Amino acid sequence: ASGATPTALGAILYLEGEADLLPNHISFLWRGTNEAMFELLAPLLPLARALNLFLLDFDVEIESRLAEPTAAQLMPAVCRFFETNAAAAGRD
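Visitor: Can you walk me through unusual backbone geometry in this structure?
Guide: Not every positive phi belongs to a glycine, and Asp57 is a case in point at roughly 70°. By the secondary structure assignment, Asp57 is in the loop between helix H2 (45-50) and helix H3 (58-64). The phi angle at Arg65 is positive, at roughly 50°, despite the residue not being glycine. Take Arg65: it is sitting in the loop between H3 and helix H4 (67-91). The class for Arg65 is partly exposed, based on a relative accessible area of 37%.

What counts and how
- Residues numbered from 1 in each chain as written.
- Predicted model: local features only at pLDDT ≥ 70, side-chain atom pairs only at ≥ 80, totals over all residues.
- Heavy atoms only, no water.
- Helix = DSSP H or I, 4+ residues; strand = E, 2+ residues; numbered from the N terminus.
- Buried < 20%, exposed > 50% of the residue type's maximum accessible area, 1.4 Å probe, protein only.

Below is the structure:
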């Protein structure tokens, strides 16, 4: 609607059954950051498993590599959000 005030809030919802594997919190990081973590920490993964340590989805992300698909889904919405709100701020 023309002249409508955009919202200052936004959300991306992932519904159960929508994808084979849903992103985890590591999936929202840049792929390069994840790959650096994998390179550094992957050798420690067997030890962490043997010690029954909580892996914070590191083991899931190292197998699924969801950073790029997550960014492909998320970035258009993030850009629209900021473009809309920047345009509204310019009208004030």
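Read on, since the account is not over.
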